[in-house]
Amino acid sequence: MKISKRDIYLLIGFAGVLAAVCSFFFVFQPLMEKTEVMMNENINLQAQVVQLTEWSNNKDFYISETERMEKEIKDIYQVFPVDVKEEDCILAAINQELVAPMDVVSMTIEPKVEVDFSGYIANTQNNTEIIVSENTTTDETSADASATDATAQTTPTIGTLQNRQATMNYEVSYDGLKRSVKNYVAQTNRMAIESMTVAYDDTTGLLIGSTTINMYCVPGQEGKEYVQPDFSSVLLGSDNIFGTIIVNREAAEGAEDAGNDNEESEETTE
C-alpha cells in the first residue's frame, strides 16, 4: 500500500493540530489557571502588606489608644462595688422608706447571678462578620482573629459583672413615688429599676406598688474590698422584746382583783 505525499502531509498536519490541542488543554490551560490563582493571591497579599504597613506606621497610636482604653475600663469598673449582699438590699429599702417616704410591706431578695451578655456578643459578632465579608478576604479575617486572640491574652481580666435582684412591695403617695425614683438615680452604687407596678387604692388614697431593682457589682477588683453597710442610723431592737402578752389565767386573776377593788370601794363609800 502506497501513501502519497499529500496523505503524508495531511497526517503530519493532523498530528500537529492534535499536538497543539493537547498542549493547550493539558499544558497551557492548567498553567493559565495556576497563573490566575497566583495573581489573585498576589492581590490579596498586596492588600495585606498595605494594611500591615499602615498598622506598623500607626503602632505608637495604637499602643497609646490601648493604654487609654484600659485605663477607661478600669475607671468604669471602679464605680461598681466588689459585692452586693442581702444587707445592701435591706439598707436600700430602709433608705427608700426614709427618703420617699414609703411603707415597705414586704421584700424579696434573689440570689446573685452573672449578667448575661450572650445576646449582645452575638449581635456584635454578626455585625463584625458582615463588615469583614464586605471589605476583606478570608486571609485577612484570619489575621484579624489572630490579632484579637493575642489582644485577649495580653489584656488583664477582671471579674464578670454580677447582679442581685430585689423586689419591694410598698404603700406610698404620688409625690413619695417620684422621690423614690429620683433617689434610685442619685445612688452612688450602680443599680437600675427593672420593673415597676403601681395601682391606686381608693380606701387609703395611697399608691400600692411593687418595684424590682437590679444591684450590680464586679468581684475581683484589685485593691478594692467590700464595704459593710452602715446601719447606725437605723433604729434596731425594742425595750420589750416579747411585746405585751396577756395570758388567759392572768386576765382572769386581773378581773378578780378588779372586782375585789370595786367591792372595797363600795364598802368604803357606804
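All figures in this text were calculated on a predicted structure; none of them were measured in a lab. (Residues numbered from 1 in each chain as written. Predicted model: local features only at pLDDT ≥ 70, side-chain atom pairs only at ≥ 80, totals over all residues. Heavy atoms only, no water.)

Chemist: Residue-level account of the overall build of the protein, with values.
Modeler: When helices and strands are counted, the protein shows 7 helices and 5 strands. Sequence-ordered secondary structure for the protein, helices as α and strands as β, is α-α-α-β-β-α-α-β-α-β-β-α. Nonlocal contacts in the protein, meaning residues at least 24 apart in sequence, comprise 79% of its contacts between residues at least 6 apart. When the accessible surface of the protein is totalled, it reaches about 20,500 Å², and 58% of it is carbon and sulfur. (Helix = DSSP H or I, 4+ residues; strand = E, 2+ residues; numbered from the N terminus. Contact = heavy atoms within 4.5 Å. Areas by Shrake-Rupley, 256 points an atom, 1.4 Å probe, with all protein chains shown as cover.)

Chemist: Please set out the confidence of the model for the protein residue by residue, giving values where relevant.
Modeler: Averaged over the protein, the pLDDT score is 74; the fraction of residues at 70 or greater is 66%. The low-confidence segment residues 128-157 (pLDDT under 50) makes 10 contacts with residues lying over four places distant or belonging to another chain. Every residue in residues 245-252 scores below 50 in pLDDT, and together they form 2 contacts with partners more than four places removed in sequence or on other chains. (pLDDT = per-residue confidence, 0-100.)

Chemist: Which residues make up the pattern of salt bridges, and what values go with them?
Modeler: What the rule picks out here adds up to 6 salt bridges. Of the charged contacts in the structure, one is a salt bridge between Glu65 and Arg68, with a shortest N-O distance of 2.9 Å. One end of the pair, Glu65, and the other, Arg68, are both in helix α2 (residues 59-78), 3 residues apart, so they sit about a helical turn from each other. Its salt-bridge partner being Arg68, residue Glu72 comes within 3.2 Å of it at the nearest N-O pair. Here Arg68 and Glu72 lie together in helix α2, a separation of 4 residues that amounts to about one turn. The network of salt bridges with common partners includes Glu65, Arg68 and Glu72. (Salt bridge = Lys/Arg side-chain N within 4 Å of Asp/Glu carboxyl O.)

Chemist: Explain the packing of helix α3 (residues 86-99) against helix α6 (residues 174-186) to me, using residue names and the numbers behind them.
Modeler: At their nearest, the axes of α3 and α6 sit 9 Å apart, and the two run at 135 degrees to each other. Comparing the axis directions of α3 and α6 gives the class oblique. Crossing of α3 over α6 shows right-handed handedness. For the pair formed by α3 and α6, the contact residues are Asn95, Gln96 and Val99 on the first element and Arg179, Ser180, Asn183 and Tyr184 on the second. (Axes fitted to C-alpha atoms, helices over the stretch in contact; angles between N-to-C directions. Parallel < 35°, antiparallel > 145°, perpendicular 65-115°, else oblique. Left-handed = near helix turned anticlockwise from the far one by under 90°.)

Chemist: Which residues make up α3, and what values go with them?
Modeler: Three or four residues apart is the spacing at which side chains of an α-helix point the same way, because the helix has 3.6 residues per turn. The end-to-end C-alpha distance of α3 is 20 Å, a good match for the 20 Å that 14 residues give at a rise of 1.5 Å each. If you check which residues of α3 are buried, you get Asp88, Cys89, Ala92, Ala93, Ile94 and Gln96. (Expected span 1.5 Å × (residues − 1). Buried < 20%, exposed > 50% of the residue type's maximum accessible area, 1.4 Å probe, protein only.)

Chemist: So what's going on with the nonpolar core? Residues and values would help.
Modeler: One recurring pattern in soluble globular proteins: nonpolar side chains tend to sit buried together. The biggest cluster of nonpolar side chains holds 17 residues, and the ones touching the most others in it are Met102, Met168, Tyr170, Val172, Ile213 and Met215. Setting aside anything within four residues of it in sequence, one finds Met102 in contact with Gln96, Glu97, Tyr170, Glu171, Val172 and Ser180. (Core = buried A, V, L, I, M, F, W, Y, C linked by side-chain atoms within 4.5 Å.)

Chemist: How would you summarise the side chain of Asn214 if you had to cite specific residues and measurements?
Modeler: Position of Asn214 relative to the elements: it lies in strand β5 (residues 207-217). Asn214 gets classed as buried once you look at its relative accessible area, which sits at 4%. Of the polar contacts made by the side chain of Asn214, one reaches the side chain of Glu194; its length is 2.6 Å. (Polar contact = N/O pair within 3.5 Å; in protein donor to acceptor, adjacent residues only side chain to side chain.)

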